[in-house]
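# Residue-level structural notes
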Amino acid sequence: MKTSKMLALAVVAMSRNKTRAALTTLGIVIGIAAVIAMTEIGQGSASAIQRTIESMGANNLLVFPGTAASGGVSFGAGSILTLTPDDAAAIVRECPAASAAAPIVRARTQVVRGNRNWVPQYIYGTTPDYLTVRDWLPLAAGEPFTDRDVHSAARVVLIGATLARELFPGESPVGCEIRVKNTICRVVGVLQQKGANMMGMDQDDIVLAPWTTIKYRIANTALASANQSASAGGSGPANAEPYPGSVQLYPQASPTQQADTPLPVRFANVDQITLASRDQASTAQAQQQVTGLLRLRHRLRADESDDFNIRDMTEMTRAVAATAGMMTSLLLSVALISLVVGGVGIMNIMLVSVTERTREIGLRMAVGARQREVLQQFLAEAVMLCLAGGILGILLGRGTSYLISRLLGWSTELSPAAVAAAVGVSVTVGVLFGFYPAFKASRLNPIEALRYE
Amino acid sequence: MAMIELRDIHKTYGTGEVETHVLRGVSMTIGSGEFVALMGASGSGKSTLMNLLGCLDQPTSGEYWLDGEEVGRLSSDRRATLRSRKIGFVFQSFHLLPRTTALDNVLMPVAYAIDADAAERRRRAVALLERVGLGEKMMHEPAKLSGGQQQRVAVARALVNEPRLLLADEPTGALDSRASAALLAMLGELHAREHLSIVIVTHDDSVARHAQRIVRLRDGSVVEDAEAAATAGAGR
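Computed from a predicted model, the values in this text were never measured in an experiment.

Grouped together as the largest cluster of nonpolar side chains are 121 residues, with contacts concentrated most on A:I346, A:A382, B:L38, B:V106 and B:A156. Filtering out sequence-adjacent residues up to four positions away, B:V106 remains in contact with B:A125, B:L128, B:L129, B:V153, B:A156, B:R157 and B:V160. Ranked by size, the runner-up nonpolar core spans 53 residues in total, among them A:V63, A:V207, A:A276 and A:V290.

Listed below in C-alpha cells is the structure:
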C-alpha cells in the first residue's frame, strides 16, 4: 500500500473518533509543551546564571610580566618589566575576542581622611575600562574618572565600599578629599559592593585611580627598574601626552634623527593587564590572540619564550561549565519523564483502540489486508497522533514561555534545537509506543477477530 | 471447470489429548458459477469449512484447490492477497465500519487490492451501490441504514474487487423475513448476471432453497449433497 494512502487511512480512522484522538494527543501536547517551555526558560536562566558568574570575572584574563632569570636563578613571575599601557590599548584594538582591557599599576600605602586612616588591600592605578572589565558599572555613587584624567594624571580616586565605610562613616564620600600617601585626591565615586572574591579577599577594600596618578604621583616609581639599565637617557613619562595642552619647549627629534641616534626610551611599565573576553566561550581564543599580539609587540623571535604570562580563571570557568551542564541534564531529565508519560498514554489508547477495533481489523484482513499493512496502519496512526501532538505542543510551549517572560519577567531564550528535538522525539515516541499495539493488531487471527464481541 | 475442489480435508483444533476433530475428510467440488448452500446444525463444522474456503484458515491435512491453484499451504500474506483478488465476504453481522459512509465502506477493500485503478474501482463501487438499490443513500452512514440496507452495502463491498467467489456466512441471520427475501433475491440476480460462484452458509431451509445445490454437514462429514429442488421437497 502506498504511504499516502496509508496516511489518508490513518486520518480517516482518527477522524472517526475525534474526541479520543484529541485526548490521546493531549498527553504528547503537554509533554512537548513542557519540554519547549522548560528548555526556553531553562536556557534563559542558565545564561542569566552564566552572566552572573561571568560578572565575577570568569571571562577575565590576567596578563603578568614574565620571569627574569640570572645565572640559572629565576626570580618568579613579574620580575621583569615588559607590559606597557599601550599593550592594553593594542589588545582592545587588535584582538576581536577581547572586549575590554585595562592596565594596572599597584601600590600599597596609607590612606588618610581627617582623623581616620586605613591601608587598603588594593590600590590600583588603571583606566576607566577597568570598570568594564570587572563588570563594576554602574557606580554606587558619583562618576568614574575619565580617560582625560588618565592623561593628565588627575588627582581623583574611586573608593570601594569598605573604604567608604572606614573613612566616611555615615556620610557621602563623593566630593571629599583623601590623602593617599602624600597626595591629596578627590573622591569622585564609590564602587558598588562586590564582597569577597573566590580567595576570600575583600574586593571592596580598594582604591582606583588613573594609572598615571598612581605611578607618577603616589608610588613615584617613575623610573624603570634597575633591569632597564639604560634608562638615564630619556626624561618625562613615556606615554605620549601625559599633560595635554602642554607646550613643547624644545625641538623634537624627527623620526630619521631618532633612527640614527637610538636613545633608549624611558619605559612606562605596568604591573598587570586585565582583559575581558567577549564571553565565556571565547576566553581561549582571546588568550591565543593576546599571546600573538604581545609577542609581535614585544618583538620576540620565534625561538624566544614569552616575556609575559596569561592566567585565566580556570576554577570559575569550570564552575560555569558545570552549571551549564547541570542545567542541561536537569532539563533533559524533565523532558524525558514528561515524554515517557505522554508515550505511555499513547500506547494505552492505541491498545484500547486495537481492542475496540478488533472486528474492523478482522474485516480488513478478510478483505485482503496483509499483516504488514495492518501494522503500518496502526503505526501510522500512532505517529500521526504524536506528530500532531508535537506540533501543537511546540505552539503551546512557545506561548507558555512567551507568557511567562512577559508576565513574570523571567528571561527566556528561543531554542530551535529544542523545537527540532521535540518533533523528532514525538515521532520516535509514536513509533516506539505505537509499535506494540500495532504489532498486536497485525498478529490477530482474522477468524477470531471477526467473531470478537 | 471447478471453482473449488476439496480433497479429503481434515481440520483438528488443539493438540495432544484434547484434540477436537472438526472436519473429518470432506471432499467436494463446486463448479464455476454455482450457487451452493452449506447447511448443518451448529457444531457440524460448517463455519470451519467456510473459513477454509475463504482462505482465512488452513486445513490440518488435505488439499484445497481454488480456481486452479493449491491454496491450502500458502503463507498468510499470500492468502491475504488471494482473498483480496478472488474472494468476497458477507457476514451475518454486516461488519460495516461505523461513522463511515456507505460508499467509503464499499471502497475499503480497494486500499488492499494490488494494482487496482482507484478511479475505475470508485465508478464500480457507485455502480454496485446503485445495483443493490442504494444509489440514493451512498453518503449515509451505517447507523442511518436499516439492517437490510446495511447487508446490501456489505454485498456491494464484497463485490468491489471483482471476486470469483462470494462467501456469505448466515447473511440473513440478523434480518427480518422481508429483508431476507429481498437480499436473497438480489444474490440470486447477482449470481445470474455476474457468473459468480456463491457459497452461502445457513441453517435455514427457506434460505437454502434459493440455492441450486445444498450440501449438508454433520459431525464434520458431508452427509448429503443434492440439487435444491430434490432435498427441499416443496422447492421453487
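What follows deals with the environment of A:F64. On the secondary structure map, A:F64 appears in strand β1 (residues 60-65). Along the primary structure A:F64 and A:I310 are separated by 246 residues, whereas in three dimensions their C-alpha atoms are 6.3 Å apart.

Right, let's talk about the packing of helix α1 (residues 3-15) of chain A against helix α12 (residues 371-407) of chain A for a bit. Residues and elements named next belong to chain A. Remark: α1 packs on α12, axes separated minimally by 9 Å, with the N-to-C direction vectors making an angle of 70°. Between α1 and α12, the interaxial angle falls into the category roughly perpendicular. Classified by chirality, the crossing of α12 by α1 is right-handed. In this structure, α1 contributes M6, L7, L9, A10, A13 and M14 to the contact, and α12 contributes Q376, Q377, A380, E381, M384 and L385. By residue class, the composition of the contact of α1 with α12 is 9 nonpolar, 2 polar and 1 charged.

With respect to burial, helix α1 (residues 46-53) of chain B is a largely interior element, 7 of its 8 residues being buried. Every buried residue of α1(B) is accounted for by B:K46, B:S47, B:T48, B:L49, B:M50, B:L52 and B:L53.

All names here are of chain B. Of the pairings in the sheet, the one linking strand β1 (residues 2-13) to strand β4 (residues 61-66) comprises 5 bridges and is antiparallel in character. For E5, the partnering residue across the bridge sits in β4 and is W65. Sheet topology places β4 next to strand β5 (residues 69-70); 2 bridges connect them, and they run antiparallel. Pairing of W65 across the sheet is with E70, part of β5. Following β4, the chain reverses through 2 residues before pairing antiparallel with β5; D67 in that reversal takes a positive phi of roughly 50°.

What follows is about the interface of chain A and chain B. Interfaces are often sized by the accessible area lost when the parts come together. Each partner contributes residues to the interface: chain A has 18 residues there, and chain B has 21 residues. Those elements that provide at least two residues to the side of chain A that touches chain B are α1, α11 (358-366), α12 and α14 (446-451) of chain A. Broken down by element, the residue count for the side of chain A that touches chain B peaks at 5 residues, all from α11(A). By residue class, the composition of the side of chain A that touches chain B is 10 nonpolar, 2 polar and 6 charged.

Our next topic: the sheet that holds β1(B). Each strand in a sheet pairs with another by means of backbone hydrogen bonds, the pair being arranged parallel or else antiparallel. Pairing is antiparallel across the open sheet formed by 4 strands, whose spatial order is β2-β1-β4-β5 (chain B). Each edge of the open sheet carries a strand with a single partner, namely β2 (20-31) and β5 of chain B.

Residues and elements named next belong to chain B. The predicted model of chain B averages 88 in pLDDT, with 96% of residues at 70 or higher. Here helix α8 (residues 228-232) is the element of chain B with the lowest mean pLDDT, 54, and strand β6 (residues 87-90) is the one with the highest, 93. Across residues 230-236, where pLDDT falls below 50, the model places 10 contacts with residues more than four positions away in sequence or in other chains. Two summary scores accompany this predicted model of the complex, namely pTM at 0.65 and ipTM at 0.91.

Reading guide: rules and limits
- Residues numbered from 1 in each chain as written.
- Chains lettered and ligands numbered in written order.
- Predicted model: local features only at pLDDT ≥ 70, side-chain atom pairs only at ≥ 80, totals over all residues.
- Core = buried A, V, L, I, M, F, W, Y, C linked by C-beta atoms within 7 Å.
- Buried ≥ 20, exposed ≤ 12 C-beta atoms within 10 Å, placed from the backbone.
- Contact = placed C-beta atoms within 7 Å.
- Helix = DSSP H or I, 4+ residues; strand = E, 2+ residues; numbered from the N terminus.
- Axes fitted to C-alpha atoms, helices over the stretch in contact; angles between N-to-C directions.
- Parallel < 35°, antiparallel > 145°, perpendicular 65-115°, else oblique.
- Left-handed = near helix turned anticlockwise from the far one by under 90°.
- Nonpolar A, V, L, I, M, F, W, Y, C, P; charged D, E, K, R; others polar.
- Pairing = 2+ DSSP bridges.
- pLDDT = per-residue confidence, 0-100.

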